[in-house]
Amino acid sequence: MYYLGIDWGKSLCGIAIADNENKVASCYGEFSTDMCLQKLSEMKEEFEVEKVVVGITNSQGNKFSSNSKLIDEFVEKIKKNGFEVELEEEFFTTQMAQRNISEFRKKGISKKDNAESARLILQGWLDRK
């Protein structure tokens, strides 16, 4: 069984994956937000997905993110597609992702930071599980 991690963004979503045994998250890819649900459906067919972990940037009642309504709508769509969803509080994952990526290369850092952010979200959730 597999877990998926999602770093949702208005234009791009990062996806990470981890198996139930090793519990080590890996970057899977970066997709347009419009295509993310389709990609999740494809992954559901390809992998035995147990749970999807979506990063959120706000606690209930707090307004850290203007995207919280959009993320809630996205989560509801994922649930309607038959996925079990958990929310993972995340702070500064984009900055951490860019720092991690910059250790390996200097150019194009922001081009893959969504997938790395998704990996950090999923790994944080796995570490607490």
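Remember, it's a predicted structure, so these values are computed and weren't measured experimentally. (Residues numbered from 1 in each chain as written. Predicted model: local features only at pLDDT ≥ 70, side-chain atom pairs only at ≥ 80, totals over all residues. Heavy atoms only, no water.)

A. Structural detail: the packing of aromatic side chains. Counted according to the given criterion, the structure contains four aromatic pairs. The interplanar angle of 70° and the centroid separation of 5.0 Å between the aromatic rings of Tyr-3 and Trp-125 together place this pair among those described as edge-to-face. Here Tyr-3, found in strand β1 (residues 2-7), pairs with Trp-125, found in helix α4 (residues 113-128); they are 122 residues apart in sequence, far enough to count as distant. Each member of the pair Tyr-3 and Trp-125 is classed as buried. With a centroid separation of 6.2 Å and 85° between ring planes, the pair formed by Tyr-28 and Phe-47 is classed as edge-to-face. Residue Tyr-28 is located in strand β3 (residues 26-32), and its partner Phe-47 is located in the loop between α1 (33-46) and β4 (49-56); the two are separated by 19 residues in the primary sequence. According to the relative accessible area criterion, Tyr-28 is partly exposed, its value standing at 29%. Relative accessible area serves as the criterion here: at 18%, Phe-47 is assigned to the buried category. An aromatic cluster of three or more residues is present, and its members are Tyr-2, Tyr-28, Phe-31 and Phe-47. The ring of Phe-83 has Lys-44 lying over it, and the distance from NZ or CZ to the ring centre is 4.9 Å. (Phe/Tyr/Trp six-rings, centres within 6.5 Å; stacked < 30°, edge-to-face > 60°. Helix = DSSP H or I, 4+ residues; strand = E, 2+ residues; numbered from the N terminus. Buried < 20%, exposed > 50% of the residue type's maximum accessible area, 1.4 Å probe, protein only. Lys NZ or Arg CZ within 6 Å of the ring centre and 35° of its normal.)

B. Structural view of unusual backbone geometry. A positive phi angle is found at Lys-23, which is not glycine, with a value near 55°. Among the structural elements, Lys-23 can be located in the loop between β2 (12-19) and β3.

C. Summary view of the pattern of salt bridges. A complete count under the given rule lists six salt bridges for this structure. When the shortest N-O distance is used, the salt bridge between Glu-42 and Lys-39 registers 3.4 Å. Taken as a pair, Glu-42 and Lys-39 lie in helix α1 at a separation of three residues, close to a single helical turn. Taking relative accessible area as the criterion, Glu-42 reaches 37% and is therefore assigned partly exposed. (Salt bridge = Lys/Arg side-chain N within 4 Å of Asp/Glu carboxyl O.)

D. Geometry of α4. The terminal C-alpha atoms of α4 lie 23 Å apart, and with 16 residues this matches the ideal 22 Å at 1.5 Å per residue to within 8%. Counting buried positions along α4 yields 13 of 16 residues, so the element is predominantly enclosed. (Expected span 1.5 Å × (residues − 1).)

E. Broad picture of the sheet that holds β4. If you walk across this open sheet you meet the five strands as β3-β2-β1-β4-β5, and the pairing is mixed. At either end of the open sheet lies a strand with only one pairing partner, and these are β3 and β5 (85-89). Strand-to-strand twist of the sheet, defined as the mean angle between neighbouring strand axes without regard to direction, takes the value 25°. Examined bridge by bridge, β1 and β2 share six bridges and lie antiparallel to one another. Bridge pairing in β2 links Gly-5 to Ala-16. Lying on the sheet, helix α2 (residues 68-80) is in contact with β1, β4 and β5; it crosses β4 at an angle near 175°. Helix-sheet contacts for α4 involve β1, β2, β3, β4 and β5, and the interaxial angle to β2 is about 40°. (Pairing = 2+ DSSP bridges. Axes fitted to C-alpha atoms, helices over the stretch in contact; angles between N-to-C directions. Contact = heavy atoms within 4.5 Å.)

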